[in-house]
Amino acid sequence: MASNRIGRINEEIQRELAEQLRRLKDPRVSQVGMVSITRVDTTGDLRYSKIYVSVLDKNQEKDVLKGLKSASGFLRRELGHALQLRYTPELQFIADDSIAYGAHILEVLRDPEKVKPVNPDNDAVLPEEEE
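Quick caveat: nothing in here was measured; it's all calculated off a predicted structure.

> Any chance you could explain the overall build of the protein here in plain terms?
Counting its regular elements, the protein contains 5 helices and 3 strands. Looking at the protein as a whole, 28% of its 131 residues are labelled buried. The long-range fraction of contacts in the protein, counting pairs at least 24 apart against all pairs at least 6 apart in sequence, stands at 62%. A total of about 9,500 Å² of accessible surface is found on the protein, and carbon and sulfur atoms cover 50% of it.

In structure tokens:
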């Protein structure tokens with residue numbers, strides 16, 4: 001039961017922080033292409049939240065994380081006003097490379113040298129060609 005509540009709180013934190021990121025004035029965050037909050041993990045006592053952030057331009061990832069860390073007090077205060085929890089969790093921003101990792105796995109799976117087709121007679125049929 002408690003994990004279901006934490007799951008809902010994580011979703012609300014993710015939604016609210018995504019909204020706040022659009023309004024953030026820090027140029028390290030606002031002038032970067034795309035910044036996404038991919039996941040939120042909050043402790044059971046609601047004291048700490050790990051916010052996993054994905055940045056489209058990996059060269060700017062460290063600057064974005066520094067900008068988010070410096071704005072964490074503001075974001076936490078805004079989160080407190082929006083969610084009205086007993087405790088507003090302390091925010092810890094972490095770089096999330098799961099999107100890049102997923103793209104890498106997809107690239108490996110599509111490489112015929114690394115992954116051989118199960119049925120060699122069907123290797124000419126591609127998903128786009130199926131009807």
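> Sorry, what's going on with helix α4 (residues 72–83) here?
Working note: α-helix, 3.6 residues per turn, so residues spaced by three or four point in the same direction. The end-to-end C-alpha separation of α4 is 16 Å, in line with the 16 Å expected for 12 residues at 1.5 Å each. Three or more residues of α4 are buried, namely Ser72, Leu75, Leu79, Gly80 and Leu83. End-on, the buried residues of α4 take up no more than an arc of 140 degrees, which puts them together on one face. With its phi angle positive at about 55 degrees, Gln84 sits one or two positions after the end of α4.

> Sorry, what's going on with the packing of aromatic side chains here?
Given two aromatic rings, their pairing is described by the distance between the two centres and the angle made by the two planes. For the structure on display, the rule yields 0 aromatic pairs. In this structure, Arg39 is placed above the aromatic ring of Tyr52, and the distance from its NZ or CZ to the ring centre is 4.0 Å. Arg47 extends its terminal NZ or CZ atom over the ring of Tyr87, reaching a point 3.6 Å from the ring centre.

> What exactly am I supposed to notice about the pairing of strand β1 (residues 35–42) here?
Within a regular strand, the side chains alternate between the two sheet faces. Sheet analysis places β1 next to strand β2 (residues 48–55), joined by 7 bridges and oriented antiparallel. Looking at the pairing, Thr42 lines up with Ser49 of β2. Connecting the antiparallel pair β1 and β2 is a turn made up of 5 residues, with Leu46 showing a positive phi of about 60 degrees.

> Looking at this model, I keep getting lost on the nonpolar core. Mind explaining?
Generally speaking, soluble globular proteins have nonpolar side chains that are buried together. Counting residues in each nonpolar core, the largest one holds 23 residues, and the members touching the most others are Ile13, Leu17, Ile51, Leu68, Leu75 and Phe93. Contributing elements (two or more residues each) for this core: α1 (2–23), β1, β2, α3 (61–70), α4 and β3 (90–95). With 5 residues, α1 is the largest single contributor of residues to this core. Excluding residues within four positions of it along the chain, Phe93 makes contact with Ile51, Val53, Leu65, Leu68, Lys69, Ser72 and Leu75.

What counts and how
- Residues numbered from 1 in each chain as written.
- Predicted model: local features only at pLDDT ≥ 70, side-chain atom pairs only at ≥ 80, totals over all residues.
- Heavy atoms only, no water.
- Helix = DSSP H or I, 4+ residues; strand = E, 2+ residues; numbered from the N terminus.
- Buried < 20%, exposed > 50% of the residue type's maximum accessible area, 1.4 Å probe, protein only.
- Contact = heavy atoms within 4.5 Å.
- Areas by Shrake-Rupley, 256 points an atom, 1.4 Å probe, with all protein chains shown as cover.
- Expected span 1.5 Å × (residues − 1).
- Arc of directions from axis to C-beta.
- Phe/Tyr/Trp six-rings, centres within 6.5 Å; stacked < 30°, edge-to-face > 60°.
- Lys NZ or Arg CZ within 6 Å of the ring centre and 35° of its normal.
- Pairing = 2+ DSSP bridges.
- Core = buried A, V, L, I, M, F, W, Y, C linked by side-chain atoms within 4.5 Å.

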